[in-house]
Amino acid sequence: MHRRMMTQTISVPTRGNVTLVGDLLEVNPHRIAQLGRRREVRADANGHYDVQEVARVVGRQVTAKGIERYARRLAFKKRIASNESGRTPVDKGVRWYSRATHIPRDLDINALPPRAYLYGTYLQRGQVTLLSASGGVGKSAWSLSAGIDLACGADHLGAGAFKKRKVLVYNGEDDTEEMMRRAGAFMLHHGFSADMRLSVEQNLAVVSGADGPLRFADYKDGKVVILKEAVSLFKKMVRERDIEVVVLDPLIGLHTIPENANSEMNHLIVEIKNVATECNVALLLAHHDKKNVSNKSVADASQDDARGAGTITTPTRTVLSLKRLSKSDLKRLRIPAEDASRVVAISKGAKSNYSPRENGSRLFYMHSVQAQNGDDEFAADNTVALGVYSSNAGPLLSDEQCDRVLDAIRDGVFRSDSQANRPVVELIAGIAELSIDAEVKKRIAALLSEWEAAGWIKREKGRVAGVRREVPIYRVGPNRPAREDAFEAVEDED
C-alpha cells in the first residue's frame, strides 16, 4: 500500500504498536489494547499487532486519512531525530508531545472501560502495587498464597470474586523447594480439589533467585546501570507465558542501588513500572518496612513506613501494609492473648490512588500445617499457611453494622426477653451475614449485654403488636458509640 504525500512515498507497515495501528485504521489505541487484553488480537514479543488482523476484528480498513496521520507522525519523529525542529534530540520520551488530548464535551464516564482490577482492588493491570512489611511478618507467604488463589480462581484470603489468571512469582530469597513446601501447605490446609490443583499447575509459575538472582539494575561508579538484557529477557518470559500477574519479592534483591538515594532509585522503579505497562500485567512488588515501625499500630499504617527513598512509593498507585498487631490493635480488635502471635493484618490504608482507602484491615491467621515427611534423621516439616482470621472474641459487627442495628432498634420494636427475642437476633445475624446457630446466639446475647452496659441500648416496658400487655423491649440508650477512625487521612500523591 502506498500513498503519495508531497514528494515522498510512504510505505505502510504491516505491523506496529497500538498507536501506529490506531492511526492507520482510525481506531482509538485504547480499544486495540483492550482487544489485546481479551486475546481477540495477538501482539508479538515486541508488543506489535498485525494491522490486517486488527482491521478484521474491528471491521475497519486502512484509510487515506489514516495513512496521512501516520506519515505526519513519522515526519515528526524524523525532525526530532535530525534536530530540524531546533530542539535537542530526545528519545522516546518525546511521545508526550503528540499525545495532548482534549476532554470532549459529551464525555460519558459510563462509556469508558472499567479499571482492570484482577484481585480485589489490590492488583490492577498495567500498574505496580507495593506490599510493605517488616522482615518475617509474611510478605512472601501472602504473595505466594494470593498467586495460588489467582491461578485457580478461588478466594481463600478474603479478596472477593475474581477470575483465573496466569501468574508468575519470583522470590529472590527462598529456594524452589521451600516455595513448593509453602504452596503445598496452603493447598493442603484449604482442602484444594483435584481440579483446583490442576489449575494451579497450569496457571502458576514460580522462579527462585536463590541460585541465580534476577537483577534489573546495578550501581557502579556513582551511576545507575539498568541491565537492559535482563529486563528484556524477563519481559520476553512474561509475554511468552501470557502472564497477567507478576510478583517480584523482594525489591532489595533486584538491584545494588543505595535504597535511600531518591533519584537513583527512581530509575529502577520506572523500569519496573515499564514492565507492568509494556507487558500489560498487574505487578506486586514486595518491600521491607523501616526498622522503627515494627511496633506501630496497623491503624496508623502509612506509605512512609516503607524503607528507603520516597521515590519507591510515590510512583506506585497502591501501597499495601502488612503488620503484626500492636498492643493497642489487640485491645481494639479484642484478639485473645493465645492468638496474638499468629495474627497479622493487611491494609490498603497506606496509599490508594484509584480506589477508596479501606477503613480497617483484613486479618489473617498463620496456621501450622504438619507434614508427614519425617525420617530417621530429620523431623517432619511444620509450615505456615495463611487463612482469614475469625475469633469469637473479636468484634461481631463493624462500626457501620453497629449503626445499622442501633438505627433499626430506634425505629422498630424488638422484645428483650429471652423467650421472644428472635427478631432482634435475626436482625443482628442478618446484618452480620451469619447463620443462626447456638454459638451465634451466645455471641449476640453477649453483644447486647455489652451494649446495655455501655448505655447504647436500654430495656423498658412497651407495647408489641399482638400482645395485650406491656412487655420488655429494647430502646436506644443515652450513649452513642465512640468512633475511632481506622486510618488517618493520607494525602494522595500525583
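Treat the numbers as computed from the prediction; the structure is a model and nothing was measured. (Residues numbered from 1 in each chain as written. Predicted model: local features only at pLDDT ≥ 70, side-chain atom pairs only at ≥ 80, totals over all residues. Heavy atoms only, no water.)

## Regarding the packing of aromatic side chains
Inclusion rule: Two rings belonging to Phe, Tyr or Trp (six-membered ring only in the last case) form a pair when the distance between their centres is within 6.5 Å. Interplanar angles under 30 degrees mark stacking, angles over 60 mark edge-to-face geometry, and anything in between is tilted. Remark: exposure states derive from per-residue accessible area (1.4 Å probe, protein chains only) relative to the maximum for the residue type, with buried under 20%, exposed over 50%, and partly exposed in between.
For the structure on display, the rule yields eight aromatic pairs. Between Phe186 and Phe192, the ring centres sit 6.0 Å apart and the planes meet at 65 degrees, which makes this aromatic pair edge-to-face. For the pair Phe186 and Phe192, one class covers both residues: buried.

## Brief notes about the pattern of salt bridges
Applicable threshold: Any Lys or Arg side-chain nitrogen located within 4 Å of an Asp or Glu carboxyl oxygen qualifies as a salt bridge. For helices the rule is a DSSP run of H or I covering at least 4 residues; for strands it is a run of E covering at least 2, with both sets numbered from the N terminus onward.
Per the counting criterion, the structure on display carries 21 salt bridges. Here Arg15 makes a salt bridge to Asp44, at a shortest N to O gap of 3.4 Å. Of the two residues, Arg15 is situated in strand β3 (residues 15-16) and Asp44 in the loop between α2 (29-37) and β4 (49-50); the sequence distance between them amounts to 29 residues. The class for Arg15 is partly exposed, based on a relative accessible area of 34%. Linking Lys228 and Glu271 is a salt bridge whose minimum nitrogen-to-oxygen distance equals 3.8 Å. One end of the pair, Lys228, is in helix α8 (residues 228-240); the other, Glu271, is in helix α9 (residues 262-278), with 43 residues separating them in the sequence.

## Notes on the nonpolar core
The tendency in soluble globular proteins is for nonpolar side chains to be buried side by side. The condition that has to hold: The term nonpolar core refers to a set of buried residues drawn from Ala, Val, Leu, Ile, Met, Phe, Trp, Tyr and Cys, joined through side-chain atoms within 4.5 Å. For this analysis, residues touch if any pair of their heavy atoms sits within 4.5 Å.
In this structure, Tyr119, Trp142 and Ile148 are the most contacted members of the largest nonpolar core, which totals 40 residues. Among the elements that make up this core, the one with the highest residue count is helix α5 (residues 139-152) (eight residues). When near neighbours in sequence (up to four residues on either side) are disregarded, Trp142 contacts Tyr119, Tyr122, Leu131, Leu157, Leu284, Leu320, Ile346, Phe364 and Leu386. Grouped together as the second largest cluster of nonpolar side chains are 32 residues, Ile257, Leu268, Val275 and Ala306 included.

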